[in-house]
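# Residue-level structural notes
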Amino acid sequence: MASGPKGAHNRAPVFNGENYGYWKDCMCVHINAIDRNIWTAIVNGPFQITMTNAAGAVVPKPEDTWNAEDEKKYAYDWKARNILISALGVDEYYRVSHCKSAKAMWDTLQVAHEGTDDVKLARINTLTQEFELFHMEDGETIESMQKRFVHLKNRLNSLDRPVSNAVATNKILRCLNRKWQPKVTAIKEANDLNTLDITTLFGKLEEHEQHLKCLDMREKRTKKEKNMEKEVEKKSIALKASSSKTSKREPKDSDTSDDEDSDDEEMGLFVRRYNKYLKKNGAKHSDKGKRSYTPLYSKYTFVPKVSTSKTPYSHHITCHYCCKKGHTIEKCKFRRILVPKGVFQWLPKCNKLCTHYQGPNENWGPPSLN
């Protein structure tokens, strides 16, 4: 793996066998920053110091006739070998230690880590297919997509298959998903894709992504506020319903007392009308046929009803206050309501109010009959 200060003039990044493409690019920058002729010696081989003889043929120049310029050209290869060796780890050094020139060392490393021409062609085909199938993944950000795309583009460039700027920009716009289509249309209409740099393009896309994030946050906030308002409204409705129930319960007590008063008034009116009816028609009751006359106001004197109790002998129960069956003295309405209010009282038997021959010596009746 390449390590150390990148692009430093006095020290090259060290290569330990990993990330050859990264180390190769760093070395290219580092060596060209020192001297371009050194990089030329690595790519093309050592400089050939030659001369033209009397016959006009180009032949190697003898060392004893070299001048200062020839010595400088000869030193470029040794400088390149020195830089390469200082940038290699132990294992990688033994891989190229037999090489006699910087070009041989560079080519050996390239074949070892990039493969032969056939292997290189297979890698190019694989990366080209990956480039054609490149697309934006679901939930992926523009930043992560940019990293993947640039890495793929640089790998193709390292295999001598550079991707032009027009092809790269068109591929980026085509790989975006549906929600980006309005922005893609706007970019195509406002810019020339042949001259638009991919860095500028990714900057525009990141700006739009930030705008979309702000809109999503705003929508989530408004939705949350609406949900909170609905919950508060539901709670207020429940509180109003409970308060209305309690307010309805309170008037019930007063309504029961009012109903009792209205019942008493109706009872008194009925008794007065009944007395007028008796005086006008002179209604009498005989005991010959053993018929008993039940007055019209009997429903107000609590005629015994069939008890709903499970006890089969409840109809034999007799009240010791009103002498009627079906209830006890504790539940007698004469004793609790009618007598204390003066609606009924005990009257002795007389011709005005006849009852069955079996009965008490006195009977219930309105006070006006006394």
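See the structure above.
Let me sum up the structure you'll find in this document. (Residues numbered from 1 in each chain as written. Predicted model: local features only at pLDDT ≥ 70, side-chain atom pairs only at ≥ 80, totals over all residues. Heavy atoms only, no water.)

## Considerations on the overall build of the protein
Each helix and strand counted, the protein has 11 helices and 4 strands in total. Within the protein, the proportion of its 370 residues that are buried is 28%. For the protein, the share of sequence-separated contacts (at least 6 apart) that also reach a separation of at least 24 residues comes to 47%. Taken as a whole, the protein presents about 25500 Å² of accessible surface, with 52% of it coming from carbon and sulfur. (Helix = DSSP H or I, 4+ residues; strand = E, 2+ residues; numbered from the N terminus. Buried < 20%, exposed > 50% of the residue type's maximum accessible area, 1.4 Å probe, protein only. Contact = heavy atoms within 4.5 Å. Areas by Shrake-Rupley, 256 points an atom, 1.4 Å probe, with all protein chains shown as cover.)

## Description of the side chain of D77
Along the chain, D77 turns up in helix α3 (residues 68–86). R81 is the oppositely charged side chain nearest to the buried, salt-bridge-free D77, at an N-O distance of 4.3 Å. Within the local environment of D77, its side chain forms a polar contact with the backbone nitrogen of A102, the two atoms lying 3.2 Å apart. Non-local contacts of D77, meaning those with residues more than four positions away in its chain, are made with A41, P46, K100, S101 and A102. (Lys, Arg positive; Asp, Glu negative; His and termini not counted. Salt bridge = Lys/Arg side-chain N within 4 Å of Asp/Glu carboxyl O. Polar contact = N/O pair within 3.5 Å; in protein donor to acceptor, adjacent residues only side chain to side chain.)

## Topic: helix α1 (residues 20–34)
It helps to recall that an α-helix has 3.6 residues per turn; residues three or four apart then point in one direction. With 15 residues, α1 extends 21 Å from end C-alpha to end C-alpha; this agrees with the ideal 21 Å at 1.5 Å per step. Y20, W23, K24, C26, M27, H30 and I31 are the residues of α1 that are buried. Around the axis of α1, the buried residues are gathered within 170° of arc, so they sit on the same side. Exposed and facing more than 90 degrees away from the buried side of α1 are V29 and A33. Buried residues belonging to α1 abut α2 (36–44), α3, α5 (102–114) and α7 (142–158). (Expected span 1.5 Å × (residues − 1). Arc of directions from axis to C-beta.)

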